[in-house]
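One-letter residues, chain by chain:
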Amino acid sequence: MEIDPDQYLRPLPRKEPFNAPFWEGLERGEFLVTKCRDCGDWNWIPYEGCRSCLSQNLEWTAISGKGRLMTFSVVHRGPPTFGTEPYGVALVEMKEKPRSIVVLANIVETDFDTLEIGMPMELVFENIPGENITMYRVKAA
Amino acid sequence: MAFPQKAAAVVGVYTTEQARGMERSMWSLELEAIKGALDDAGLSHTQVDGLIPMAYETPLNLHMAWAEQLGGRPITYMDVGNGSSAVAKATNAIAAGMANVVVIYFANCNNPNGPRQLKVQSKAPRVPDWQFMVHGAYMSVWYAMWTQLYMHEFGTDQEVFAEYPVQMRANAMLKPDSMMGHKGPITVEDVLSSRMIATPLHLLECPLDNDGGYAIVVASAEIARDCKKDPVWVLGGAEATFTDAYMTIPVPWNEPKGQAVRRCTEMAFDMAGVTHDEIDVAGLYDCYAVTVARDLEEMGFCKLGEGADYMKEGHLYRGGKMPTNTDGGLMANSHNGNPSGMHTIEVVRQLRGECGERQLDDPKIGVTLAQGWSVHGLAGTLVMAAD
Ligand SMILES: [Zn+2]
């Protein structure tokens, strides 16, 4: 099948009902993580129960969006819908603790040659044209 | 409670053709593998009473379908597992009287792990919310990130990791049915000048992504003694997991205390009553060189950060103190999707002394490690002994 370069054809999340607050948060420019009201720990990715105390008393809470580059790769051979130009993939460890929030995301607005493990990064948001979803990406802070 | 050492043995193994783009069904490959492994053991399908399919998703109705395929007799033991842990669990079940002959099997056809898995569609496909393909982060990308982090933390030279595929190609050249052996030797320079896939990994640093099937038959000690070939005894084995599959990663990623691989390896060695120095041959999950470095560290063959040095010193290559993946492993023999049983099969063949040109000098004790599903997130270790 021909690839229309103007159409977004990469896979997108389903927006599952349990995660609805997360996807709504992205539309407002907020990255929400489930924080435990009982023990205070962060839980990413979202689960029904807190990993530290198993409480189900969780609250979707905006994080700072700031973190550091845990590691990354510049991908030269991706699936066809990721195009012919290399794309960046990162794991970013967010500032919030104690339980680490490590976000997997594509790297945007950053010269790949400047990437270094440990450098400050931040979350940014991208409204996907023609689709009912805003995605999260990361860039050099 | 002690592990039931030598209550059961691996009595049959079989691998189908391993190739890319096979026009076969998974079922056909699995059936060929099961028949082949039973024939290797000299057993009949009517003796099978335990099933451990290793298909990616294994609900109980899969065991039921295979029970009917194998003659419609009661199957009394149904389990899941990987190429190492399944053998240990089968041994345990046999010792407990739950079964006598257990078949462990897997096949993959036209279901690639690499970027080919994502077909172009007319609209963006929707996938589960935290699925890695949203970011184009297929397996090689995850392992590229792990390699990048490892090299950064421990100052590993690219050449050390690039030596691994060179050695595996040389191993595969001694195995007539390996996928890459016939292509001849490669050098570190060839590896580092091959096409970049995902920094820092080049094409020749990535595993194969092919079709194929295999099966392993485990039988009680009593049955094993009457089988066609010498039994390979199960001394111990265990499995462990700690994290969900490829969605996030704990910090630190390279945990000094170890994670799943450490846990199941300590358990398996304790059960088997063997020490690291006693291992003559190994089959360690080796999708990328960093995986092998971390296998060695987590398993306790060296300390955190020293895995690459262990590789550099050549201990796991031919002529080293623990020859590993003598079939060429996942880069040069076969990576058929869920290939952990391939490592077990090669170690069984070495312990039987049936490896022809690549046969090691009378190995007595072997270890295998299965890992995967979120880089060391799911693991199994198996210790076996020659008769
Ligand atoms: Zn809690």
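To keep things clear, this report deals only with the structure shown in the data block. For clarity, every value in this text was computed on a predicted model and none was experimentally measured.

**Notes on helix 2 (residues 60-69) of chain B**
Residue and element names in this part refer to chain B.
And step 1. Looking only at helix 2, the buried set comprises Leu 62, His 63, Trp 66 and Ala 67. Angular distribution of buried residues about the axis of helix 2 spans 145°; they occupy a single face of the element. The exposed residues of helix 2 that point more than 90 degrees off its buried face are Asn 61, Met 64 and Glu 68.
And step 2. On its buried side, helix 2 packs onto helix 1 (26-41), strand 2 (50-53), strand 3 (77-78) and strand 4 (101-108).
And step 3. Positive backbone phi, approximately 120°, marks Gly 71, located one or two places after helix 2.

**Details of the sheet that holds strand 8 (residues 212-220) of chain B**
Strand pairing in a sheet takes place through backbone hydrogen bonds and is either antiparallel or parallel in direction.
Residue and element names in this part refer to chain B.
And step 1. The strand order 3-2-4-8-1-9-12-11-10 describes an open sheet built from nine strands, whose pairing is mixed. Two strands close off the open sheet at either side, each with one partner strand: strand 3 and strand 10 (281-284).
And step 2. Alignment of strand 4 against strand 8, held across eight bridges, turns out to be antiparallel. Looking across to strand 8, one finds that Val 103 is bridged to Val 217.
And step 3. Helix-sheet contacts for helix 2 involve strand 2, strand 3 and strand 4, and the interaxial angle to strand 2 is about 125°.

**Here's the deal with the coordination of the zinc ion**
Residues and elements named next belong to chain A.
And step 1. Of the protein atoms, only Cys 36 (SG), Cys 39 (SG), Cys 50 (SG) and Cys 53 (SG) coordinate the zinc ion, at distances of 2.3 to 2.4 Å.
And step 2. Taken together, the four donor atoms coordinating the zinc ion and their angles of 101 to 118° define a geometry best described as tetrahedral.
And step 3. Sequence positions of the residues that donate to the zinc ion give the spacing C-x2-C-x10-C-x2-C. Taken together, the residues Cys 39 in the loop between strand 2 (32-36) and strand 3 (42-43) and Cys 53 in the loop between strand 3 and strand 4 (58-62) connect sequence positions 14 residues apart.

**Section: a nonpolar patch on the surface**
And step 1. Among the surface-exposed residues, Tyr 56, Trp 373 and Leu 378 of chain B lie close enough to one another that they form a single nonpolar patch of about 250 Å² accessible area.
And step 2. Assignment of secondary structure puts Tyr 56 of chain B in the loop between strand 2 and helix 2.

**A short note on the packing of helix 4 (residues 139-154) of chain B against helix 9 (residues 289-298) of chain B**
Residue and element names in this part refer to chain B.
And step 1. With their axes 9 Å apart at the nearest point, helix 4 and helix 9 run at an angle of 60° to one another. As summarised for this structure, helix 4 and helix 9 are arranged oblique, according to the angle between their axes. In contact with Tyr 143, Trp 146, Thr 147 and Tyr 150 of helix 4, helix 9 contributes Val 290, Thr 291, Ala 293, Arg 294 and Glu 297.
And step 2. For the contact of helix 4 with helix 9, the per-class residue count stands at five nonpolar, two polar and two charged.

Parameters and conventions
Residues numbered from 1 in each chain as written. Chains lettered and ligands numbered in written order. Predicted model: local features only at pLDDT ≥ 70, side-chain atom pairs only at ≥ 80, totals over all residues. Heavy atoms only, no water. Buried < 20%, exposed > 50% of the residue type's maximum accessible area, 1.4 Å probe, protein only. Helix = DSSP H or I, 4+ residues; strand = E, 2+ residues; numbered from the N terminus. Arc of directions from axis to C-beta. Contact = heavy atoms within 4.5 Å. Pairing = 2+ DSSP bridges. Axes fitted to C-alpha atoms, helices over the stretch in contact; angles between N-to-C directions. Donors = N, O, S within 2.8 Å, 3.2 Å for Na, K, Ca; no water. Tetrahedral: all angles 85-135°; square planar, octahedral: opposite > 155°, others 65-115°. Patch = residues over 30% accessible without salt bridge, like charges linked within 9 Å, V, L, I, M, F, W, Y side chains within 5 Å. Areas by Shrake-Rupley, 256 points an atom, 1.4 Å probe, with all protein chains shown as cover. Salt bridge = Lys/Arg side-chain N within 4 Å of Asp/Glu carboxyl O. Parallel < 35°, antiparallel > 145°, perpendicular 65-115°, else oblique. Nonpolar A, V, L, I, M, F, W, Y, C, P; charged D, E, K, R; others polar.

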